[in-house]
2 protein chains.
Amino acid sequence: MFISMEVITATSNARVKAWKKLAKKKERQKQGQYLLDGWHLVKEALLANQKIATILVVADFKHASELAAFDFKGEMIQISDNVAKALSETPSPQGIFALVEIPVAADVELADISGAWLFLDGVQDPGNIGTMVRTADAAGFSGVVFGEGSADLYQPKVVRSMQGSQFHLQLHVGNLSEWIAAFQAQKFPVFGTELNEAARNFREVGQHQDFALIMGNEGNGMRADHLAQTSLNLYIPLAGNAESLNVAVAAGVLMFQLKA
Amino acid sequence: MFISMEVITATSNARVKAWKKLAKKKERQKQGQYLLDGWHLVKEALLANQKIATILVVADFKHASELAAFDFKGEMIQISDNVAKALSETPSPQGIFALVEIPVAADVELADISGAWLFLDGVQDPGNIGTMVRTADAAGFSGVVFGEGSADLYQPKVVRSMQGSQFHLQLHVGNLSEWIAAFQAQKFPVFGTELNEAARNFREVGQHQDFALIMGNEGNGMRADHLAQTSLNLYIPLAGNAESLNVAVAAGVLMFQLKA
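This structure is a prediction, so every number in the text was calculated from the model and none was measured. (Residues numbered from 1 in each chain as written. Chains lettered and ligands numbered in written order. Predicted model: local features only at pLDDT ≥ 70, side-chain atom pairs only at ≥ 80, totals over all residues. Heavy atoms only, no water.)

So, on to unusual backbone geometry. Residue and element names in this part refer to chain A. In this structure, Gln 163 takes a positive phi of about 55° despite not being glycine. Secondary-structure assignment places Gln 163 in the loop between helix H7 (156–162) and strand S8 (170–173). Even without being glycine, Lys 187 reaches a positive phi, approximately 65°. Mapped onto the secondary structure, Lys 187 falls in the loop between helix H8 (176–185) and strand S9 (190–193). (Helix = DSSP H or I, 4+ residues; strand = E, 2+ residues; numbered from the N terminus.)

A complete count under the given rule lists 18 aromatic pairs over all chains for this structure. Here the aromatic rings of Tyr34(B) and Tyr154(B) are separated by 4.2 Å at their centres, their planes lie at 35°, and the arrangement is tilted. You can see Tyr34(B) sitting in strand S2 (residues 33–37) and its partner Tyr154(B) sitting in the loop between strand S7 (143–146) and helix H7 (156–162), a full 120 residues away along the chain. Among the residues examined, Tyr34(B) registers a relative accessible area of 1% and is labelled buried. Given the relative accessible area of 10%, Tyr154(B) is considered buried. In this structure an aromatic cluster arises from ring pairing among Trp117(A), Phe119(A), Trp179(A), Phe183(A) and Phe188(A). (Phe/Tyr/Trp six-rings, centres within 6.5 Å; stacked < 30°, edge-to-face > 60°. Buried < 20%, exposed > 50% of the residue type's maximum accessible area, 1.4 Å probe, protein only.)

This part takes up the packing of helix H6 (residues 126–138) of chain A against helix H10 (residues 247–258) of chain A. All names here are of chain A. Contact geometry for H6 and H10: axes closest at 9 Å, N-to-C directions at 15°. In terms of their interaxial angle, H6 and H10 are classed as roughly parallel. Considering only the axes of H6 and H10, their crossing is right-handed. Residue-level contacts link Asn 128, Thr 131, Met 132, Thr 135, Ala 136 and Ala 138 of H6 to Val 247, Ala 248, Ala 251, Gly 252, Met 255 and Phe 256 of H10. (Axes fitted to C-alpha atoms, helices over the stretch in contact; angles between N-to-C directions. Parallel < 35°, antiparallel > 145°, perpendicular 65-115°, else oblique. Left-handed = near helix turned anticlockwise from the far one by under 90°. Contact = heavy atoms within 4.5 Å.)

Turning our attention to the pairing of S9(A). Residue and element names in this part refer to chain A. Because side chains alternate across S9, one face comprises the buried residues Val 190 and Gly 192, and the other comprises Phe 191 and Thr 193, equally buried. Both S9 and strand S11 (residues 211–216) contribute to a ladder of two bridges, which runs parallel. Across the sheet, the residue bridging to Phe 191 is Leu 213, located in S11. Here S9 runs beside strand S12 (residues 232–235); their pairing, made up of three bridges, is parallel. Along S12, the bridge assignment pairs Thr 193 with Leu 234. (Pairing = 2+ DSSP bridges.)

This part takes up the side chain of Gln166(A). Residue and element names in this part refer to chain A. Assignment of secondary structure puts Gln 166 in the loop between H7 and S8. On the basis of relative accessibility, which here comes to 9%, the residue Gln 166 falls in the buried class. Reaching out from Gln 166, the side chain makes a polar contact with the side chain of Tyr 34 at a distance of 3.2 Å. Ignoring sequence-local partners within four residues, the contact set of Gln 166 consists of Tyr 34, Leu 36, Val 133, Val 159 and Leu 171. (Polar contact = N/O pair within 3.5 Å; in protein donor to acceptor, adjacent residues only side chain to side chain.)

Residues and elements named next belong to chain A. Domain annotation of chain A identifies domain 1 (6–101) and domain 2 (110–258). Of note, the centres of domain 1 and domain 2, computed from C-alpha atoms alone, are 31 Å apart. Between domain 1 and domain 2, a total of about 1100 Å² is buried, with carbon and sulfur atoms accounting for 63% of that surface. For the interface between domain 1 and domain 2, the tally reads two salt bridges. Here domain 1 and domain 2 share five residue pairs in polar contact (both at pLDDT 80 or more) between them. For the side of domain 1 that touches domain 2, the secondary-structure elements that each account for two or more residues are helix H2 (25–31), strand S2 (33–37) and helix H3 (39–47). (Domains from an automatic or database assignment. Buried area = accessible area lost by both parts, 1.4 Å probe. Salt bridge = Lys/Arg side-chain N within 4 Å of Asp/Glu carboxyl O.)

Further remarks concern a positive patch on the surface. On the surface, Lys157(A), Arg160(A), Lys157(B) and Arg160(B) cluster together to form a positively charged patch. Taken together, the elements giving at least two residues each to the positive patch come down to H7 of chain A together with H7 of chain B. Relative to the helices and strands, Lys157(A) resides in helix H7. (Patch = residues over 30% accessible without salt bridge, like charges linked within 9 Å, V, L, I, M, F, W, Y side chains within 5 Å. Areas by Shrake-Rupley, 256 points an atom, 1.4 Å probe, with all protein chains shown as cover. Lys, Arg positive; Asp, Glu negative; His and termini not counted. Charge placed at Lys NZ, Arg CZ, Asp CG, Glu CD.)

Written out as structure tokens, the structure reads:
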């Protein structure tokens, strides 16, 4: 299968340099694509029929026959191990990458929104964000909204920790006030979260089909105006002397508790 | 307060070099101590009356008066910003460190063990481990047992993500088979976990005071001999197309569900 492929062996190659730049948001926006690193993610993208412009693969790629079975029609380029190392943020890259078109988010008809949704209110850590998207997928959520001040959806560390879940649910960048208002217009509960024992215990609000859960910034929590806008704000009672939970763990506990 | 303090300004100083080596397990064992980085952790150690040999602090430390109020009697050394940068694994260190004696784990009388315990069966990622200890603390667990093949308790990244929870609960390194047997001898349930729908749904086993929950390796799950030894193995039903949960998130969902 690799017979007629273009081969790139030099890390100084202009295209390699352009791909490396995709670690930066500005370049992702300019080039309109982002980089997937590793067979699990590339396979997920192939299975999900994502728009893959180019696949980069080393000569002795371990899962070459599995890859060939996908009969990928786009551009395929053989890269050297050095190029793989230059492109990867992991110490031992698997030797496969895909350049995936950043999907243009479908226009959302907020008036018709339904299902369980996670809203990110200024969540900063890319690992936390990716883990929360992955957990939302596993908990059967319909989508995640990246509110103002949350890290970028296609940042390499976010992509790595999403583990392909971006292909399974809806992801939007949006104005959280508008999203909260849209849920409330349909009488769907919007649960804020705060580290405040005056808020409602998360075990006391039942399970729901259509609702939104909002998780706030790691250090400062949710924005005050969003807290004021919600239907109800929840807290997780903490035993012991711990001051807080990791935001991705708290989101997991809440999502699995609240989702019917 | 800083008048008579020793001052170290050179990163080439022999003691600075020795402290830097504490990032390695072998050196931690040799020196019998580990390094805390940042005011939150140092303050937690002071509050918990840990054996702190030395506190290192920059001249313009932001919380100097709060620190002074602790009336710390051990060695205090003023360090330069360069030394702080050399010692820290974070890009913007807060300029305070403590050298804390690694506690000798108290002999555990396994026959008398009680409470809720988390067992780590080959969990590898330091961030996951630290987050799991922090979550166990918040969920009111009594302790965490680091089984064979789990990352070291005092590795810098574990310490950073524990957020001081090591001072609030019992931490042991141990042989998981012996711990499982000890719980079973007292008729306390031991819940294994596996990604297997033939296992028991985690929502169907009630809440407990005295029990153990075992979380396995990120890639391979629990050891087969441990799975065979447990009372019951649980799984978290996954909706959507997600293949798995992050192990620290799964542990959080389970701990908050199972703990009475």
